[in-house]
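Single-letter residue listing:
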Amino acid sequence: MFRFTGKEIRDLIISFIVIALGFTILYSNGDYSHITLIFPIVMIGVGAGFIFHELGHKFVAMHYGYYAEYELWPTGLLIALASSFFGFIFAAPGAVVIYSNGMEEKTNGIISIAGPIVNIILGLIFFLILGSLGNFVYTETGAIVYLICVLGTRINFFLAAFNLLPIPPLDGSKVMAWSVPVWLITFAIAALLVLFFGGIL
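Residues numbered from 1 in each chain as written. Predicted model: local features only at pLDDT ≥ 70, side-chain atom pairs only at ≥ 80, totals over all residues. Heavy atoms only, no water.

Asks: When you look at unusual backbone geometry in this model, what are you seeing that I'm missing?
Replies: Generally, phi is negative for residues other than glycine and the peptide bonds are trans, each holding for most cases. Along the chain, Pro-168 connects to Pro-169 via a cis peptide bond; the corresponding omega equals 5 degrees. Counting through the fold element by element, Pro-169 comes out in the loop between α5 (140-163) and α6 (171-178). (Helix = DSSP H or I, 4+ residues; strand = E, 2+ residues; numbered from the N terminus.)

Here you go:
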């Protein structure tokens, strides 16, 4: 049974807002006069990317019979906000903590790769929606949907590639400990998506 505690929901909301603000600052390119307009648009792409990434970890861990709960990392939140002013963002606001007395590297790797895979799927969904807009994109509402989908595509592919970096405590280090070929293939796909879609969008 999938359960959420009040503390977990609070941590998810706080992390979501801070990460969305960080990406808003990043995409503002130093011009913060339109930050209130950019923030809601970024929140949708980040919201889907961040929330479903963490839920991917949580649900897969619980599928294996473990109790899992998201916990924010205050230092990570501060780093995310501070880094966004310098043209990049270190998006590690917290993590799903899995309570166990021991876990096989394969199980840990599968749980860890779930989040980045969710981001890749979401990025592709946003891109497919983007490609289906047609003439709707020339309307006021269509223009907003277009921006949401562009940012949703970019942010989700970025989150996938970033979290697959083989640096503890990021997901990539646990995936690599389980299987180097699986890590290499998944990271290569995520990195190529970042490079390709960053260039055409």
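Asks: Looking at this model, I keep getting lost on the pattern of salt bridges. Mind explaining?
Replies: When the charged atoms of two side chains lie near each other, side chains of opposite charge can form a pair. Applying the stated criterion across every chain yields a total of 3 salt bridges. With its nearest N and O atoms 2.8 Å apart, the salt bridge here joins Asp-11 to Arg-10. Taken together, the shared-partner salt bridges connect Lys-7, Arg-10 and Asp-11 into one network. (Salt bridge = Lys/Arg side-chain N within 4 Å of Asp/Glu carboxyl O.)

Asks: Quick question: what am I supposed to make of the layout of surface pockets here?
Replies: Put simply, the largest pocket is a space of about 430 Å³. What lines the largest pocket is a set of 25 residues, among which Glu-54, Gly-94, Ala-95, Asn-163 and Asp-171 lie closest to the centre. Within the residue set of the lining of the largest pocket, elements represented by two or more residues are α2 (35-63), β2 (94-99), α4 (105-131), α5 and α6. Classifying every residue of the lining of the largest pocket by side-chain character gives 14 nonpolar, 8 polar and 3 charged. Of the voids in this model, the second largest pocket is the one considered here, and its volume is about 270 Å³. If you trace the second largest pocket, you find it lined by Phe-23, Leu-26, Tyr-27, Phe-88, Ile-89, Arg-154, Phe-157, Phe-158, Leu-193, Val-194, Phe-197 and Gly-198. (1 Å grid on protein atoms, 1.4 Å probe; cavity = no way out; pocket = protein on both sides within 12 Å on 5 of 7 lines; lining within 4 Å. Points joined across faces, edges and corners; volume = space filled by probe spheres on them. Nonpolar A, V, L, I, M, F, W, Y, C, P; charged D, E, K, R; others polar.)

Asks: I keep staring at the nonpolar core and nothing clicks. Help me out?
Replies: Inside soluble globular proteins, nonpolar side chains tend to come together where they are buried. Ranked by internal contacts, the top residues of the largest apolar core, which has 34 residues, are Ile-19, Phe-23, Val-42, Val-46, Phe-50 and Ile-155. Among the elements of the structure, α1 (6-28), α2, β1 (67-72), α4 and α5 are those that each provide at least two residues to this core. Among the elements that line this core, the one with the most residues is α2, at 8 residues. In contact with Ile-19, not counting residues within four places along its chain, are Val-46, Ala-80, Ile-89, Ala-91 and Pro-93. Judged by nonpolar contacts, the second largest core, of 11 residues, contains Ile-113, Phe-157, Ala-161 and Phe-197. (Core = buried A, V, L, I, M, F, W, Y, C linked by side-chain atoms within 4.5 Å. Buried < 20%, exposed > 50% of the residue type's maximum accessible area, 1.4 Å probe, protein only. Contact = heavy atoms within 4.5 Å.)

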